[in-house]
Amino acid sequence: MEPLRQSVQYLKGVGPKKQKLLQRLSVFTVEDLVYTFPREYEDRRSVKTVQGLVDGEKTSLYLEVCGNIQEKNIRKRLKIYNLPVKDATGNAQLVFYNTPYIKQVFHIGDKVFVHGKVKIDFFTVQILHPEYHIIKEEQPQDFQQIMPIYRLTDGLTQKDFYSLQKYVLEHYIEQIEEFLPEDLLKNNRLCDLVFALRNIHFPTSSQNLRIAKYRLIFEELLILQLGLLLTKGQLDRNKEGIAFNKMPQLEDFINQLPFRLTEAQKKVLDEIEEDMESNMVMNRLVQGDVGSGKTIIAIIALYKAILNNYQGAFMAPTEILAEQHYETIRSLLGPFGVRVALLSGSITKKNKEKLLTEIETGQINIVVGTHAIIQENVRFHRLGLAITDEQHRFGVRQRVMLSNKGYNPDILVMTATPIPRTLALILYGDLDISIIDQLPPGRKVIETYCVDQHKRKRIYAFVRKQIQEGRQAYIVCPLIEESESIEAKSAIELYEELTNEYFQDMRVGLLHGKMKSNEKEKLMKAFKAGDIDILVSTTVIEVGVNVPNASVMVIENSERFGLAQLHQLRGRVGRGSYQSFCILINYGKNSVTLERMKIMESSTDGFVIAEKDLSLRGPGEFFGTRQHGLPELKIANLFKHIKILQQVQTEAKKILSEDPELLLEKNKGLKKKLLDTFQEKIQEIGI
Ligand SMILES: Nc1ncnc2c1ncn2[C@@H]1O[C@H](COP(=O)(O)OP(=O)(O)OP(=O)(O)O)[C@@H](O)[C@H]1O
């Protein structure tokens, strides 16, 4: 086995207990260990003398032990040890707590280097619980340096980490191979990997630390970018596709809609039409904030394809949404003779067979469905436009599979999560991006309040009042990432509590992910029709659900959700002309949580919220673990390092245009690193 791939259990000083602790920090192999970077550094290079010390500062000193250690019992479980020390300028004490072994460590006359916090009490100078090095054969550079500080877990100390990293760097460094091609290093003035790893852990100077960091950030972003580009590589940008014609009937259709398109919708539609009319394949992402009116744009594009005698496919992330899109499309295009089919999990086998035949013979013009659409047995007659409503739930693979159902059909990807530009660039680097940055007129700003759980009674009273005025409400249950069944269970409990205690006289419905799809459909239909007053639900209603009469959204344990997700949920209300409200019940007390809730109260702009969320929590959490396959970033930050990111993008494209499958000898290391990082994702599409 490659040395770096070895388990940390073979390292000196790592027993089963330590191995477990390291695993908690996601350190399994030697490589994981060297790629666990310090969270910060402590500069111990400037050394002070006892005279000049300031109360409260943290500093380093060279001292000599000048007396015997004294032990004092302060309380039952508190023992203090004072060690007299001095330097040429004065006397001081090193203070240690509850460390009986310390009695054996020092001897009068020992020279020590210490680093710790200074406490000055009248005439006594103390260094509290310092780190120390008794100077024997060690050279000053072994301790008087920039010290790494690692993120720890209970049971592991900085010293443990420090010695492990030292050991690994000493014994394994020669086996760490550079994997970035030489010309790339040179052109971007990057240091080599060994230098970077040495200096990220034990920097020999601030400048070398900077150089090391730069290289490691570059490397991390490059791997991310290449991985994403490669997994998307199959959507070839410059493929020849269908050139749709302009059709006058399309204008008629737009003109008879019950509303005028907003300027933003018109602009995006123009971009789509231009793509569709060109003879190149369209690969376009439409982003729009909640309720900005993406669906109608998709429908117009579908109608254009139909008028050109092609079929359209519309893939939605959930059954509820597929059903909803199906209803909307049927009601808008049905009167124009367009035949729409819904392929969902709940149709009978017999009906399904009939539908499949009609799709294959071209009798059906538009197929709406969940991923059922990309199953093998679905064959289109002439698929011209494939739309996926993504919300990050479909991987690239599904997109490719849908597109393979036709001969180079145009592709439109819609997403309701506003993705900050920086992230959109790397996630969807292969797509052109259109943004609907305006809401239809007449929408009232949703009033958002973050409250703590003790206000629950008042909140329910408010919900009741809204319902009495004829509105409807959503009550969203806590998010439980780990398990859909626990989530469903907690939804059932909340439902029971609400129906037994607070809303006995109201029509309350329950919706969760573990229900059968036809039950879900039935319930949503009833809610839409106004036959249910309160819908208690898990996040299955998160995206796209459109019930304009609903005016209150209560979200339990709001601190567990990502902000972008809260924004999506909140977007389920305020879709009609009624004043709407979102109430976030918050159990979290720490400052980041409170800051996040404040953002929700003060902003209704999805892009602003997404940017803030991303900067507070990083991309992994931003998308939620269920939804993405992005590797966690260890050192790069998509906001702070935007300039490096841009440079990385150029490089990544250059590499792939020269060597699309990374077959060249110089790219061998890079390819291996990519396969390691993106294992599952890449295997999925089999490059
Ligand atoms: N230009 C417009 N003027 C007025 N109402 C509009 C306009 N465009 C769309 N709508 C209506 O606004 C509502 C929201 O539109 P739609 O469902 O398409 O939003 P969306 O962008 O898909 O939102 P979400 O991401 O939240 O699902 C719908 O009821 C739709 O009929």
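Residues numbered from 1 in each chain as written. Predicted model: local features only at pLDDT ≥ 70, side-chain atom pairs only at ≥ 80, totals over all residues.

## Focus on the confidence of the model for the protein
Close inspection of predicted coordinates is inappropriate in any region flagged by low pLDDT. Averaged over all residues, the pLDDT of the protein equals 85, while 89% of them reach at least 70. Model confidence for the protein, summarised as mean pLDDT per element, is weakest for helix H22 (residues 679-685) at 46 and strongest for helix H9 (residues 294-307) at 96. With pLDDT under 50 throughout, residues 623-629 is counted as low confidence; its partners more than four residues away or in other chains account for 13 contacts. Reported for the predicted complex are a pTM of 0.64 and an ipTM of 0.97. (pLDDT = per-residue confidence, 0-100. Helix = DSSP H or I, 4+ residues; strand = E, 2+ residues; numbered from the N terminus. Contact = placed C-beta atoms within 7 Å.)

## Comments concerning the site of the ligand
Close to the ligand lie 19 residues; Phe259, Gly293, Thr295, Ala416 and Pro440 are nearest. Sorting elements by how many residues they give to the shell around the ligand places H9 first, with three residues. Here the shell around the ligand is built from residues that sort into seven nonpolar, 10 polar and two charged. Of the domains in this structure, domain 3 (261-278 + 293-415) and domain 4 (447-603) are the two that each give at least three residues to the shell around the ligand. (Near = placed C-beta within 6 Å. Nonpolar A, V, L, I, M, F, W, Y, C, P; charged D, E, K, R; others polar. Domains from an automatic or database assignment.)

## Observations regarding unusual backbone geometry
Even without glycine at this site, Asn98 takes up a positive phi of about 45°. With respect to the helices and strands, the residue Asn98 is situated in the loop between strand S6 (90-97) and strand S7 (111-121). Given 12 C-beta atoms within 10 Å, Asn98 falls into the exposed group. One non-glycine residue with positive phi stands out, namely Asn557, at about 45°. Examined against the element boundaries, Asn557 turns out to sit in the loop between strand S21 (550-555) and helix H17 (563-570). (Buried ≥ 20, exposed ≤ 12 C-beta atoms within 10 Å, placed from the backbone.)

## Some words on the sheet that holds strand S13 (residues 366-369)
Strand order in this open sheet of seven strands is S12-S13-S11-S14-S15-S10-S16, and the pairing throughout is parallel. Each of the sheet's edge strands pairs with one partner strand only, and the pair in question is strand S12 (340-343) and strand S16 (432-436). Strand-to-strand twist across the sheet, computed as the mean angle between neighbouring axes with direction ignored, equals 20°. Helix-sheet contacts for helix H10 (residues 319-333) involve strand S11 (311-315), S12, S13 and strand S14 (383-389), and the interaxial angle to S12 is about 170°. (Pairing = 2+ DSSP bridges. Axes fitted to C-alpha atoms, helices over the stretch in contact; angles between N-to-C directions.)

## Let's talk about helix H14 (residues 456-468)
Look at H14: 18 Å from first C-alpha to last across 13 residues, which is about the 18 Å you get at 1.5 Å a residue. Within two residues after H14, Gly470 carries a phi angle of roughly 105°, on the positive side. (Expected span 1.5 Å × (residues − 1).)

## Observations regarding H9
Relative to the 20 Å expected for 14 residues at 1.5 Å per residue, H9 spans 20 Å between its end C-alpha atoms, a close match to the ideal helical length. Of all the positions in H9, only Lys294, Thr295, Ile297, Ala298, Ile299, Ile300, Ala301, Leu302, Tyr303, Lys304, Ala305 and Ile306 are classed as buried. Positive backbone phi, at 65°, marks Asn309, one or two positions downstream of H9.

## Brief notes about the environment of Ser60
Relative to the elements of secondary structure, Ser60 occurs in strand S3 (residues 58-65). Each C-alpha atom, one on Ser60 and one on Lys117, is 9.0 Å from the other, the two residues being 57 residues apart in sequence.

## Section: the packing of helix H8 (residues 263-277) against H9
Each packed pair of helices is defined by two parameters, the angle between the axes and the distance between the axes. Contact geometry of H8 with H9 gives a least axis separation of 10 Å together with a crossing angle of 30°. As summarised for this structure, H8 and H9 are arranged roughly parallel, according to the angle between their axes. In this structure, H8 meets H9 at a crossing whose hand is right-handed. Counted together, Gln265, Val268, Leu269, Ile272, Glu273 and Met276 of H8 and Ile297, Ile300, Ala301 and Lys304 of H9 form the full contact between these two elements. Across the contact of H8 with H9, the residue classes break down as seven nonpolar, one polar and two charged. (Parallel < 35°, antiparallel > 145°, perpendicular 65-115°, else oblique. Left-handed = near helix turned anticlockwise from the far one by under 90°.)

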